[in-house]
Each structure stands twice: as structure tokens, then as C-alpha cells.
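# Structural features, examined
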Amino acid sequence: MIGEKAMATTDAELRSGEAANHDLSKGRSINTEQSTMAPTVYREKDTNLPLLRNTTVALLGYGNQGRAHALNLRDSGTRVTIGQRPGKSFDQAKADGFRPIPIPDAVPKGDLVIIALPDETAAEVYKREIAAGLRSGQALGFVHGFNIRFGLITPPDGVDVVMVAPKGPGSLVRSTYVEGKGLPALIAVHKDNTGNAKRIALAWAACLGATRAGAIETTFETETDTDLFGEQVVLCGGVEELMTAAFETLVDAGYEPAFAYLECVHELKQIVDIVYAEGLSAMCKRISNTAEYGGMTRGPRIVTDETRAEMKRILEEVRNGQFAKEWLAEHKEGTPKLRSTRDAGATSLLEQAGKAVRRLMHTE
Ligand SMILES: NC(=O)c1ccc[n+]([C@@H]2O[C@H](COP(=O)([O-])OP(=O)(O)OC[C@H]3O[C@@H](n4cnc5c(N)ncnc54)[C@H](OP(=O)(O)O)[C@@H]3O)[C@@H](O)[C@H]2O)c1
């Protein structure tokens, strides 16, 4: 169990944004002992779809994840009420046939209330627009563990707290469901007041299509830590830096940017597709002996002992709450670093080369 009282921020701190200065490491309870036990995976047969057919889901936030959850739940026979402020997402919800209402009005309607708001704003919105409307017997659902893991939201007694975190973007949650498949998801129970919490999480995962691929049982802590680590070190950090550095190395040496892009960025998809479908060893069998030998001997010169030590430091920053604290401080200041990086990235030589390559390949 997470030490929620010790980690939680006060109302005043949240209002003033001082949550970012809170000691987010307190109350952490992670089992660091390595386990070789296979995780518990739930499939369609393990779930009770009608459980949600007779209930109303209040879905708060109609963005990337919210929209996919809302559409899949509705197509699975669940009554869905959207809580959404006016704007683009509100208009999208209306275009999709929903009748969105203000978040405080949606909360009391839900037997299951799903928070699909950005991690960095969810706690503010929770205090201001959600907490007062919650009642005993409801379930509160999260699509990522961040706010529970770091004690930013403390749900009231009597409310079940569950998570269904799809392992992929909202667009894929929706498109795989429509194809009759699904994306795997991690499910977890933080509080089980009714004795029904896990069944609710599983029914939600089933309505989402996740149990077609497998709903894997975990904790809010493990989901959050592994998700943040994976996106920082590999998916949204490490891979981008690697592609950019390799691209710049070739360009600095006088090679055409388009060729550099093709080799160091564009072709990554082909390799990743094979890894996704068949694994790393199968990928090695599909490439030339030259590529395999070159990769085997040069790869470890790129990911060195120093890189591995840095990975450990990054993991520790995730686990002790340092990253969460830094991200909330950045949000409080209006995300200046995020915005300047986005602006610079959009006009870079690498992006221009990417456009040229996509034109060449007729994909743009
Ligand atoms: N992106 C993904 O594919 C993905 C994958 C796995 C898990 N998740 C998790 O899903 C959750 C939601 O992320 P997301 O990427 O779906 O977010 P998103 O696309 O940015 O959507 C956020 C939604 O919340 C609304 N919102 C934002 N700030 C608000 C505020 N201050 N008050 C009221 N409403 C507000 C937005 O409305 P407006 O349009 O009016 O701003 C929008 O409908 C997060 O916990 C994230 O970690 C996301």
C-alpha cells in the first residue's frame, strides 16, 4: 500500500502549485526484490462484461485516452456520461454523439468515475471539481498511476480505486477495438472498499478490448515507475536522442541529410516491427550477417557502463519522486522547457529531412 497520508499534498499547496516542492518520496513502498514469477494475465473468459452494462461510467476528459475509453465502453454496451470543459475536446465529444456536461455535474452520475485528465493537472481538477461529488460505493478509475503513486490525489474512504492503463496510445486503443482485437493493459486495485474493485477493473478492461490481448495485474506503483522509466530511457527519450545524434554525426561528416534520416530514423520502423512481432533474436536472424556483426560489436560502445549507470540514476529519480516534483514545477511555471523544445524540434534540419524522405517514399 502506498503511504498516501504521508505523501499527499494539502489543498493549499495544490492551489498555490506548491505540490511541486513536496517530498514525493515519502511513503514509497516498492518491492525491489527481483521476482521470476509470471504475472497474472486476465482474458475475456475471466471477466464479467454485464457488470458495467448495468452501470453508468462518468468519463472525465475527452482527450487521447478519454475518447478511446468512452467510445469502446459505449460500443460494449455501457452508459457513458462525458465530463468535459468547453473547447476542442468538448466539440469532439459532441461530434461523436455524446452530450458532454461540466465535470462537477458528471461525477455524481458515475458508478465508475474515470479520470482521463493530464497527469500534471488531474490533482488540481480533482480538488476543484471532482472530490466534492464523490460518494461512498462509487469506484474511481485511473488510466495511469501517477497521481495515486505520488500521493497527489487521496480518494475518500468508501470509494474503490482502480486502474486500467492501456499499453499504447488512445488511437490504438480505439482502432484495435474496432478491428475486433485490443491493446494489452495493466490493471490494479489501490482501494477495495466494496469487495468488488477487481471485478470492476476487469469489466472495464474487457469493455475496452484489453482482455482480448491480456489484462496484466500489477500495482499503481509498478505501473507508474516502469511507464515513466520506459518512456524516458527508451520510447520518448533514449531513442530520440540516439536517432538525432546519429543523424547529426552523418550530416556533420558531409552526408546528405535525407540519406542520414533514411538510415538513422526512417528505417527504425522496419526493425521495430520485427522486434514487435517476433522478438530481438528473430530480428537478428532477419538482418544480414554484416549488420548483425556490426551491431553486436559496436552497439555496446554506444550503450556503455556509463549509460547503464545513468539509467539507474533515472530510475531512482522516478522512484523517489524527484522526476514527478520536477515535472510539476515545470507545469507550474507554464511548461517553458517543454514549449521551447517543441518549437526548436519542429523546425530542425532533421524534421526537414524527414519530410523530404516521406515525400520520396510517397508517405506524405
Ligand atoms: N496519450 C496517450 O495515449 C496515453 C497513453 C497511456 C496513458 N495515458 C494517460 O491518460 C491520461 C490522459 O492523458 P491524455 O494523453 O489522454 O491527455 P490529453 O489528450 O491531453 O487529454 C486531456 C483531456 O483533459 C482535458 N483537460 C486538460 N486540462 C484540463 C483542466 N485543467 N480542466 C479540465 N479539463 C482538462 C482536456 O480538455 P481540453 O481539450 O479542453 O484541454 C482533454 O479532454 C494521463 O493519465 C496519461 O498518462 C495517455
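Quick caveat, the model's predicted, so the values are computed rather than measured. (Residues numbered from 1 in each chain as written. Predicted model: local features only at pLDDT ≥ 70, side-chain atom pairs only at ≥ 80, totals over all residues.)

### Here's the deal with the overall build of the protein
Basically, it comes down to this: Note on conventions: DSSP H or I runs of at least 4 residues are helices, E runs of at least 2 residues are strands, and numbering of each starts at the N terminus. Buried means a residue has 20 or more other C-beta atoms within 10 Å of its own C-beta, exposed means 12 or fewer, and partly exposed covers the counts in between; C-beta atoms are placed from the backbone. With C-beta atoms placed from the backbone, a contact is any residue pair whose C-beta atoms sit within 7 Å.
In terms of regular secondary structure, the protein is built from 21 helices and eight strands. Here the protein, with 364 residues, has 33% of them falling under the buried criterion. Taking the contacts inside the protein whose residues are at least 6 apart along the sequence as the reference set, 69% of them involve residues at least 24 apart.

### Quick look at the sheet that holds strand S2 (residues 56–60)
Stated formally: Strand pairing is assigned whenever DSSP identifies at least 2 bridges connecting the two strands.
Ordered in space as S1-S8-S7-S6-S5-S4-S2-S3, the eight strands form an open sheet in which the pairing is mixed. Across the chains shown, the open sheet's two edge strands, defined by having one partner strand only, are strand S1 (41–42) and strand S3 (79–83). The pairing of strand S7 (residues 185–191) with strand S8 (residues 215–217) spans three bridges and is parallel. Along S8, the bridge assignment pairs Leu186 with Ile216.

### Points about the nonpolar core
Applicable threshold: When buried Ala, Val, Leu, Ile, Met, Phe, Trp, Tyr and Cys residues are joined through C-beta atoms within 7 Å, the set is termed a nonpolar core.
Of all hydrophobic cores here, the largest spans 67 residues; its most connected members are Leu60, Val164, Ala185, Ile187, Ala201, Trp204 and Ala205. No other element matches helix H10 (residues 197–208), which puts ten residues into this core. Residues within four places of Ala185 in sequence aside, it is in contact with Val164, Ala165, Pro166, Lys167, Ala205, Leu208, Ala210 and Ala215. Of all hydrophobic cores here, the second largest spans six residues; its members include Phe247, Ala260, Tyr261 and Val265.

### Details of the site of the ligand
Cut-off, in case you're wondering: Using a C-beta atom placed from the backbone for every residue, we mark a residue as near a molecule or strand if that atom lies within 6 Å of it. Residues are grouped as follows: nonpolar covers Ala, Val, Leu, Ile, Met, Phe, Trp, Tyr, Cys and Pro; charged covers Asp, Glu, Lys and Arg; every other residue, Gly included, is treated as polar.
In the neighbourhood of the ligand, 23 residues make up the surrounding shell, with Gly61, Gly63, Asn64, Ser89 and Pro169 lying closest. Of all the elements in the fold, those that place two or more residues in the shell around the ligand are helix H4 (64–75), helix H5 (88–95), helix H7 (119–130) and strand S6 (160–166). Split by residue class, the shell around the ligand holds nine nonpolar, eleven polar and three charged.

### Details of the confidence of the model for the protein
For clarity, the threshold we go by: Summary of the metric used: pLDDT quantifies the predictor's per-residue confidence within the range 0 to 100.
Confidence in the prediction for the protein averages 89 pLDDT; 89% of positions are at 70 or higher. Counted against residues more than four places away or in other chains, residues 1–33, with its pLDDT under 50, gives 58 contacts.

### Brief notes about the pairing of S6
A regular strand places its side chains on the two faces of the sheet in alternate fashion. Judged by how many residues are buried, S6 sits mostly within the fold: seven of seven residues are covered. Where burial is concerned, the two faces of S6 agree: the one with Asp160, Val162, Val164 and Pro166 and the one with Val161, Met163 and Ala165 are both buried. The pairing of strand S5 (residues 139–142) with S6 spans four bridges and is classified as parallel. Note that in S6 the partner of Ala139 across the bridge is Asp160. Bridge count between S6 and S7: six bridges; the pairing is antiparallel. Within S7, the residue paired with Met163 across the bridge is Ala188.

### Considering H4
For the record, the criterion: Here, expected helix span is obtained from the residue count minus one, scaled by 1.5 Å.
Between its first and last C-alpha atoms H4 spans 17 Å; for twelve residues at 1.5 Å apiece the expected length is 16 Å, and the two agree. The element H4 is extensively covered by neighbouring structure, given that nine of its twelve residues are classed as buried. Those residues of H4 that fall on the buried side of the exposure criterion are Gln65, Gly66, Arg67, Ala68, His69, Ala70, Leu71, Asn72 and Leu73. Buried residues along H4 sit against S2, S3, H5, strand S4 (112–115), helix H9 (170–178) and H10. Gly77 sits one or two residues past H4 and shows a positive phi near 95 degrees.

### So, helix H17 (residues 289–302)
What counts, and what does not: One fitted axis covers the seven residues ending at a residue, a second covers the seven starting there, and the bend at that residue is the angle between these axes.
Look at H17: 20 Å from first C-alpha to last across 14 residues, which is about the 20 Å you get at 1.5 Å a residue. Along H17, the sharpest change in direction is near 30 degrees and occurs at Met296; proline Pro300 comes one to four residues later. Burial analysis of H17 places just zero of its 14 residues in the buried class, a small minority of the element.

### As for the packing of helix H12 (residues 220–235) against helix H18 (residues 305–319)
Pairs of packed helices are described in terms of their axes, by the angle between the two and the distance that separates them. The line we're drawing: Angles run from 0 to 180 degrees between N-to-C directions of axes, and those axes are lines fitted to C-alpha atoms, restricted for helices to the stretch in contact. Throughout, the term roughly parallel applies to angles under 35 degrees, roughly antiparallel to angles over 145, roughly perpendicular to angles from 65 to 115, and oblique to all others. For any pair of crossing helices, the crossing counts as left-handed if the nearer helix is rotated counterclockwise from the farther one by less than a right angle, and right-handed if it is rotated clockwise.
Packing of H12 against H18 leaves a shortest axis separation of 9 Å and a crossing angle of 140 degrees. By the angle class used here, H12 and H18 are oblique. Here the hand of the crossing between H12 and H18 comes out right-handed. In contact with Asp225, Leu228, Phe229, Gln232 and Val233 of H12, H18 contributes Met311, Ile314, Leu315, Val318 and Arg319. Classifying every residue of the contact of H12 with H18 gives seven nonpolar, one polar and two charged.

### What to know about the pairing of S5
Heads up, the rule is: The crossover handedness rule: strands pointing away from the viewer, path from first strand over the helix to second strand clockwise, crossover right-handed.
The alternating pattern of S5 places Ala139 and Gly141 on one face and Leu140 and Phe142 on the opposite face, and all of these are buried. Note: S4 against S5, four bridges, orientation parallel. Counted as the bridge partner of Ile114 is Gly141 from S5. Regarding topology, H7 serves as the crossover connection from S4 to the parallel S5, and that connection is right-handed.

### Considerations on the environment of Asn72
Inspection of the secondary structure puts Asn72 in helix H4. The exposure class assigned to Asn72 is buried, which follows from the 25 C-beta atoms found within 10 Å. In this structure, the C-alpha to C-alpha distance between Asn72 and Val178, residues 106 residues apart in sequence, is 8.3 Å. Residues contacting Asn72, with those up to four places away along its chain left out, are Val173, Arg174, Tyr177, Cys207, Leu208 and Gly209.

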